[in-house]
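Per-entry structural report
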Amino acid sequence: MSAVVAQCHYSFGLQRGVANNLFYFDEQTVIFPSGNNCVRYNIDQKWQRFIPGLERSQGMYALAISSNRRYLAVSERGERATITVYDLQHEQSRKRKVLNGGDIHVQEFVSMAFSTDSKYFIGQSGAPDYTLFYWMWEKQKVMAMVKTTVATNPVNQVSLNPYDNTQICVSGNGVFKLFRYAEGVLKQSTFHKQETHNFLSHAWMSEERVIAGTEAGRLMVFESGDLRWDMSVTTKTTMSQDPDRWLPRVTVITAYSKGFACSAGPGTVYLFERTDDKDNYRKTREIRIPPDQCSHEPSHAEQQQIVSLVISPSEETVVTSTDRGQLYSITLSSAEMSKGEQVQFEFLSHSFHSGPITGLSVCIRKPIIATCSLDQSVRIWNVETNTLELYKEFQEEAFSIALHPFGLFVMVGFSDKLRLMNLLIDDIRTFKEFTVRACRECAFSHGGHLFAAVNGNIIHIYSTTTFENVLNLKGHNGKVRSIAWSGDDSRLVSCGMEGAVYEWNTLTSKRESESVLKSCSYNSVTISPDAKTIFAVGTDCTLKEIQILREVPAEDVAYTTIAMSRSGRTLFTGTSIGTIRAIKYPLSNQKDWIEYQAHSSPVTKMVITFDDQYLLTVSEDGCLLIWKIIDKEGRGLKRDKEITYAEEILITKSDLEEKVVMLELKTRVEELKMENEYQLRLKDMNYNEKTKELSTTFVRQMESLKTDIQILKTERDNMEVVNQETMFEVMEKHSKELQDMESANSQKLMLEYEKYQELQFKSQQMQQDYEKQLQQMDESRTAALEELTLYYEGKMQEKLLVLEQCQEESRIQAREFEESRKQMEEDGDREIQDIRVRYERWLRDERETNMRMKRDTGIMKKKFSSLQKDIDNSNVEMERMKLEQQKLQAIVKSLEKDILALKKAIQERDETIQDKVSEWLGHCSVLFPLKSMYIFYHQCYEG
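Residues numbered from 1 in each chain as written. Predicted model: local features only at pLDDT ≥ 70, side-chain atom pairs only at ≥ 80, totals over all residues. Heavy atoms only, no water.

**Section: the UniProt feature "coiled-coil region" (unreviewed entry) in the chain**
As annotated in UniProt, the feature "coiled-coil region" (unreviewed entry) corresponds to residues 756-827 and 864-912 in the numbering used here. As annotated, residues 756-827 has a helix share of 100% and a strand share of 0%, and its two end C-alpha atoms lie 92 Å apart. Helix and strand shares over residues 864-912 are 100% and 0% respectively, and the end C-alpha atoms of the span are 64 Å apart. (UniProt positions renumbered as here; feature names shortened; annotations may be inferred. Helix = DSSP H or I, 4+ residues; strand = E, 2+ residues; numbered from the N terminus.)

Set out below in structure tokens:
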């Protein structure tokens, strides 16, 4: 008997919390994380290929793809964070290299990027070190590393310049830095402080230009690290229409040939294109996530934040992912064609769960899967077509789900009630409610005539036909965590948190067998197809075979769920770290299992389809994985008998009548189309005849026009000959005039040069005369200065005698001042006493006035509040005035430039005037030097 293995077949869900979680591999294939796998999804053919994560991985944190789309880098958490590079051109996406932080303990890599030539690779580690690594990744060689920020300013994104492998951009909260690799080290090339901005994303637009987006909705363009301009992605009109909804966080920016695309708040993407001057950008298109009509609050879908945004290689399609784990797409051609209309995304494949999946169920008669989640939704999937058939969101969280074996009904345990619902053609509609609150487990019997529902530590069994409570199974002391029906529905197995596993008789409600282990809190239980063996798993990290009392250790990993194939050959278990194990049965005490990387969070439920073809697993990460059960040769398991699925569906009478009316309307539309086509053919025939008549008329006109053109060409040739002769005559005349003017100008130049020689000789003679006059003036000035010195020395002796007389008078006046000061102090004391009496009387008056003012204060406070409102209004007006002031300042600056130009012209004219004045003063200074000196000394003496 060959061993049974599981092969990942299909996945529904997007792993949230992964940076750069969406890429285009080629025009038809995208890559995104789902569970603990990377999925290659073909959009046209709908197939998937899987790249599993590493063993013992704690989940993916970031992705990166090379420019040539050959290599994929996956960052995973673990005891030491690792980066695994895969070769996507290999059929199995072969693992090429594994990178890590070396001697530096790195917990996680938050952002990564390849160089354009795919030779170099950068990785930014997370808190607390925030170290940037620069690898030559094929050699696993760290070229350089540098600490980019501190713990209080986390980094959000790093990227390599697509035009220069040595330049790196780092952005984050208060961080925008450019580094350059040179001489074995990474050196920071910009030192501008940006503490006030939280940069969430950036993109290279050219070799020097980077555009960055902030949490406050600003787009900032940097060139060579310097801020050139910034703008807001929103308009005041948009914000005023819906201020509560609009949070314009620019979480992602993607460049393409025409410009760039960026997120602009919840559920919104803007397309910007370059303007004619190549330096600015203008918004050309707004694309939004549509409301979800299957939700009780359709507008909630519009509140999703855009996480990733990618454009196909041909730039035909835009695909985006959101923080709620959804994938949307739109073709740019359709966005451009719908001018003036609101453009909306569509789901790339299907709507996924956005919260932990709590319930999973299958049925016998239909190839469908039912899941429920804490995101308040119930979804019906088709395992054969790999599509989502139905989904609906409710107002309460859903904890458990069970499909009826016929596939026409579904039981869902909500937080308030247990509801039995019909699966209609396009709706999930409740038709019976049971008062079981927060039902964590429910299951239909294999025959479908009974269903069990857990209410705390009690199991209620109801009749599906009469909805009566047939049995109540009491015995558990803790909450029941799992239940399972035997193949003939005569037995029900349950396990609880208190460590008890009970086997119940569903006819008598008695316990047939029990197993209690208080040291273990059980998570899941299943029963073999022959109902002879019970298997249970719990928190003690073992798999227990109850009847034989056999335990198989799980190697320090807790099992969370268990399922057995219908053939009884294999057990499948889910673990707390998200892996799946296929365990061969009968059990052995040795490690006899195959482990698969499945989810990034604990597996919550696991089910095998009734034909043993598929294993279904769901997890807290919100992903549903479908596994193909095969043998080691790759063949599917043989079926005991072929299962024919039912094609019947439920539909209400009103819905059926509506569809009949719609069918009649469609028939009428088809008839109108045929009639319109006939009328169009008749019109085409008429138009063709008119076209022939017009064509013959135009042919005649064209012939006549050709004749006219030939005549005009002949006239043009004749005119060209005449013009050439005229031009030759004009050129000869011009050359003669030019020679005459040259000879006349040379004679004038000789005359002017002779005049210049005469003026230069006169200038030298005048300079010699002025030097003689200056020498004579110096001698006369020296004689006059000696005479004035003797005169002022005599005057100084006279002034010293006068000074001594003044000092004697000053001593006499000081004695008189002392006596008058004493008299004034006595008078001052008397005045102080009088003032004290007068001011005490004034103080009593003021106190009375103060009491009166306190009463007036209450009135003034009321006036103050009204004035405060006026002040607020004035502040608003002041803001408006500031804007006007900025405009005026710009005008003032332009006027100041004009003033500076005028001042420069005035200065040049002043210098010309000053030269003329100095020349004139030179003549005057010869005549009046002694007179001015005499006036100066005379003024000093009088002063």
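**Here we look at the pairing of strand β5 (residues 48-52)**
Here strand β4 (residues 37-42) pairs with β5 via five bridges, running antiparallel. By the bridge assignment for β5, V39 is matched with F50. Remark: five residues form the turn of the hairpin made by β4 and β5, two consecutive strands paired antiparallel; K46 in that turn has positive phi of roughly 65 degrees. (Pairing = 2+ DSSP bridges.)

**Focus on the packing of aromatic side chains**
Overall, the coordinates contain 33 aromatic pairs when judged by the stated rule. Relative to W135, the ring of F133 lies with its centre 5.3 Å away and its plane at 10 degrees, an arrangement referred to as stacked. Judged by its relative accessible area of 0%, F133 is buried. Among the residues examined, W135 registers a relative accessible area of 1% and is labelled buried. (Phe/Tyr/Trp six-rings, centres within 6.5 Å; stacked < 30°, edge-to-face > 60°. Buried < 20%, exposed > 50% of the residue type's maximum accessible area, 1.4 Å probe, protein only.)

**A few points about the nonpolar core**
If you look at the biggest cluster of nonpolar residues, it comprises 49 residues, and the most contacted ones within it are F572 and W627. Excluding residues within four positions of it along the chain, F572 makes contact with V4, A6, T561, I562, A563, R581, A582, M606, I608, L615 and I629. Among the nonpolar cores identified, the runner-up in size contains 18 residues, and I122, M143, V146 and L160 belong to it. (Core = buried A, V, L, I, M, F, W, Y, C linked by side-chain atoms within 4.5 Å. Contact = heavy atoms within 4.5 Å.)

**What to know about the sheet that holds strand β28 (residues 327-331)**
Read from one edge to the other, the open sheet built from four strands follows the order β26-β27-β28-β30, with strand pairing classed as antiparallel. Unpaired on one side and paired on the other, β26 (306-311) and β30 (346-347) mark the two borders of the sheet. Pairing analysis gives two bridges linking β28 to β30, with the strands arranged antiparallel. Along β30, the bridge assignment pairs Y328 with F347.

**What to know about a nonpolar patch on the surface**
Taken together, I425, I649, I651, L656 and V660 make up a surface patch of nonpolar side chains, about 390 Å² in accessible area. As for its position among the elements, I651 is in the loop between β57 (624-631) and α3 (653-924). Looking at I651, the relative accessible area reads 32%, which means it is partly exposed. (Patch = residues over 30% accessible without salt bridge, like charges linked within 9 Å, V, L, I, M, F, W, Y side chains within 5 Å. Areas by Shrake-Rupley, 256 points an atom, 1.4 Å probe, with all protein chains shown as cover. Salt bridge = Lys/Arg side-chain N within 4 Å of Asp/Glu carboxyl O.)

**A look at the side chain of R581**
Tracing the backbone shows R581 in strand β53 (residues 579-584). Within the structure, R581 has its side chain in polar contact with the backbone oxygen of A554 (distance 3.0 Å). Of note is the side chain of R581, whose polar atom sits 3.4 Å from the side chain of E595. In this view, R581 contacts R56, A554, V557, Y559, L571, F572, T573, T575, W593, I594 and E595; residues no more than four positions away in its chain are not counted. (Polar contact = N/O pair within 3.5 Å; in protein donor to acceptor, adjacent residues only side chain to side chain.)

**Observations concerning the environment of K518**
Its location among the elements puts K518 in the loop between β46 (511-516) and β47 (522-527). Separated by 419 residues in the primary sequence, K518 and L99 have C-alpha atoms spaced 45 Å apart.

**So, the pattern of salt bridges**
Following the criterion strictly, the structure yields 31 salt bridges and no others. With its nearest N and O atoms 2.0 Å apart, the salt bridge here joins D540 to K544. Here D540 falls in the partly exposed class, since its relative accessible area comes to 25%. Overall, K544 belongs to the buried group, its relative accessible area being 5%.

**What to know about the pairing of strand β12 (residues 131-136)**
In terms of burial, β12 is a largely internal element, five of the six residues being buried. With five bridges connecting them, strand β11 (residues 120-125) and β12 associate as antiparallel partners. When the bridges of β12 are listed, Y120 appears paired with M136. Hairpin connection from β11 to β12: five residues lie between these consecutive antiparallel strands, with Y130 at a positive phi of about 50 degrees. Relative to strand β13 (residues 141-147), β12 is paired through six bridges, and the arrangement is antiparallel.

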